[in-house]
Amino acid sequence: MWERGRPPRKQRPAPLILPASALVSPPPPRFVFPRSLFALAARAMPSRRPSPVILLLLALALALLFLLLSPSGPSASRLSHSFVSTSPSSSASSLPSPVKIYLYDLPSKFTYGVVRSYMSARVPSGSSDAAAVLADEELRYPGHQHSAEWWLFKDLRRRGPRDRPVARVDDPAEADLFYVPFFSSLSLVVNPIRPPAAANASEAAATAGPSYSDEAMQDELVEWLERQSYWRRHQGRDHVFICQDPNALYRVVDRISNAVRLVSDFGRLRGDQASLVKDVILPYSHRINPFKGDVNVDSRPALLFFMGNRYRKEGGKIRDTLFQVLENEGDVIIKHGAQSRVSRRMATQGMHSSKFCLHPAGDTPSACRLFDALVSLCVPVIVSDHIELPFEDVIDYSNISIFVDTSKAVQPGFLTSMLRRVSSERILEYQREIQRVKHYFEYEDPNGPVNQIWRQVSLKAPLIKLLINRNKRLVERGTNETDCSCICSTPSEISTVG
């Protein structure tokens, strides 16, 4: 009630009582924080005179906001750091460093000299030796299914692109691995089966020149290596040899068993000489021209094609049996033929016009015919129980090939009945997948098998380092203990893998 004679008093605004939580440091602000703060201030602020507490809080909030958004502030630095860490250049720099590889400067007779010897042995009678006057860089490796040794050597010589899994170094002290570039597969066939024609025996002896000995070359190579300190340092465990032909380096195979070997299969190697753990499987070089067309079934009238030697040794004896059960099938082309230009032309035509291409075992489980089929978009039918295949960590061969157990394949009518049940749509799926991965088998492709081989080699480096370090501390081993220092599997492990 009013007191008599006095106007009513203006009521003072109730004092703003803030909770205790408002007097402590505010939580880390978000970008919506200023809007929330101004809304709170608007509701709490009287219409005429703002509270000193509110003004103080507003000032503090504005100062904190300015600090957060300042280019030199901690939040900005963290934000810019997050952008930098996700930038492409930063991602590239985080990729693993390439494995450092040293290319041995072997005496020329082990590299270009092998090519010269091969060419000289095939010079016609009475002609000059063209190979003798060519410079090393002008020499060309002969067409050969084992030409991977040439492609790898040339790639290291020109040092390859920077994004390769391995990088060549000039100082062996920096190297993780050492590459030995002996052309071991070509060395096997330097002397032709039939010497150049000559008018008489004396002329033949005069033109043949000194006989080339692959066995002597193998011995000289290992003797040369054994004089090198980096070979002796770890008994060759960090060295890499290419021996793609199954007989390559056969004379010294036990003297280099510690090293990484690049092979096409393990057909003639024991379990204590080679394994998938230690070595790398390579594709053969295809010998026929790749198919340039698109996927298609209608332009491939033949069901199944094979052309090759009918009679082989060991596991290849299956070929004769397959000839017997297939040669009378109407839509199957199966021919006996040795390597020649005429045979390659016939094989090219046959593979390019067939839906499926037969790949039986030969003297060893694999052969270049498989890769001829793949570059022809002809679906391989693999009848080879112990075959090993290249790059299986990136290629699923069940998507590009059909595998048939040997015991079933030799049953009359089994193969043809099975293949006739494969639909046209499924054949097209096989062809599309082959088209997607066939660059892995074309040595001319910059992103082809050379790059993949080096990637596989680089994957061996950590295990080699582990075993080298382990070997340094071992004092003695029991006589019955498996020696793991060669990175080989036992024979039982090999059979399990196969």
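Now for a look at the structure at hand.

Cut-offs applied
- Residues numbered from 1 in each chain as written.
- Predicted model: local features only at pLDDT ≥ 70, side-chain atom pairs only at ≥ 80, totals over all residues.
- Heavy atoms only, no water.
- Buried < 20%, exposed > 50% of the residue type's maximum accessible area, 1.4 Å probe, protein only.
- Helix = DSSP H or I, 4+ residues; strand = E, 2+ residues; numbered from the N terminus.
- Patch = residues over 30% accessible without salt bridge, like charges linked within 9 Å, V, L, I, M, F, W, Y side chains within 5 Å.
- Areas by Shrake-Rupley, 256 points an atom, 1.4 Å probe, with all protein chains shown as cover.
- Salt bridge = Lys/Arg side-chain N within 4 Å of Asp/Glu carboxyl O.
- Pairing = 2+ DSSP bridges.
- Contact = heavy atoms within 4.5 Å.
- Axes fitted to C-alpha atoms, helices over the stretch in contact; angles between N-to-C directions.
- Polar contact = N/O pair within 3.5 Å; in protein donor to acceptor, adjacent residues only side chain to side chain.
- Phe/Tyr/Trp six-rings, centres within 6.5 Å; stacked < 30°, edge-to-face > 60°.

## A closer look at unusual backbone geometry
Here comes step 1: Positive phi, normally seen in glycine, also occurs at Gln235, with a value near 55°.
Here comes step 2: Gln235 gets classed as partly exposed once you look at its relative accessible area, which sits at 41%.
Here comes step 3: Even without a glycine there, the phi angle at Leu249 is positive, about 60°.
Here comes step 4: Mapping Leu249 onto the fold places it in the loop between β4 (239–242) and β5 (260–263).

## Some points on a nonpolar patch on the surface
Here comes step 1: Residues Leu56, Leu57 and Leu60 make up a contiguous nonpolar surface patch of roughly 270 Å² in combined accessible area.
Here comes step 2: Position of Leu56 among the secondary structure elements: in helix α2 (residues 52–69).
Here comes step 3: A relative accessible area of 54% places Leu56 in the exposed class.

## Quick word on the sheet that holds strand β9 (residues 354–360)
Here comes step 1: Across the sheet, 5 strands lie side by side as β8-β7-β9-β10-β11; this open sheet has parallel pairing. Taken across any chain shown, the strands that pair with only one partner, and hence form the sheet edges, are β8 (332–336) and β11 (402–403).
Here comes step 2: As paired elements, strand β7 (residues 302–308) and β8 share 5 bridges and run parallel to each other. Looking at β8, one finds that Met307 is bridged to Lys335.
Here comes step 3: Its contacts with the sheet place helix α13 (residues 341–352) against β7, β8 and β9, and it is angled at close to 160° to β7.

## Structural notes on the environment of Arg233
Here comes step 1: Looking at where Arg233 falls in the secondary structure, it is placed in helix α11 (residues 229–233).
Here comes step 2: In the structure, Arg233 is positioned 235 residues away from Ile468 in sequence and 9.9 Å away in space, judged by C-alpha atoms.
Here comes step 3: Filtering out sequence-adjacent residues up to four positions away, Arg233 remains in contact with Phe178 and Asp238.
Here comes step 4: Of note is the side chain of Arg233, whose polar atom sits 3.3 Å from the side chain of His234.
Here comes step 5: Side-chain polar atoms of Arg233 contact the side chain of Asp238, separated by 3.4 Å.

## Some words on the packing of aromatic side chains
Here comes step 1: Scanning the model with the defined rule gives 20 aromatic pairs in all.
Here comes step 2: Between Tyr102 and Tyr104, the ring centres sit 5.7 Å apart and the planes meet at 85°, which makes this aromatic pair edge-to-face. Across the pair, Tyr104 and Tyr102 agree in class, each one buried.
Here comes step 3: Taking 6.4 Å as the distance between ring centres and 45° as the angle between the ring planes, the aromatic pair formed by Tyr397 and Phe441 counts as tilted. Here the residue Tyr397 occupies a position in the loop between β10 (379–383) and β11, and Phe441 occupies one in the loop between α17 (424–437) and α18 (449–473), the gap between them amounting to 44 residues. The pair formed by Tyr397 and Phe441 is uniform in burial state, with each residue classed as buried.

## Things to note about the sheet that holds strand β1 (residues 99–103)
Here comes step 1: In spatial order, the strands read β2-β1-β3-β4-β5-β6; together these 6 strands make up an open sheet with parallel pairing. At either end of the open sheet lies a strand with only one pairing partner, and these are β2 (166–168) and β6 (280–281).
Here comes step 2: One ladder, built from 2 bridges, connects β5 with β6; its direction is parallel. Bridging from a neighbouring strand, Val263 pairs with Ile281 of β6.
Here comes step 3: Its contacts with the sheet place helix α7 (residues 148–157) against β1, β2, β3 (177–180), β4 and β5, and it is angled at close to 105° to β1.

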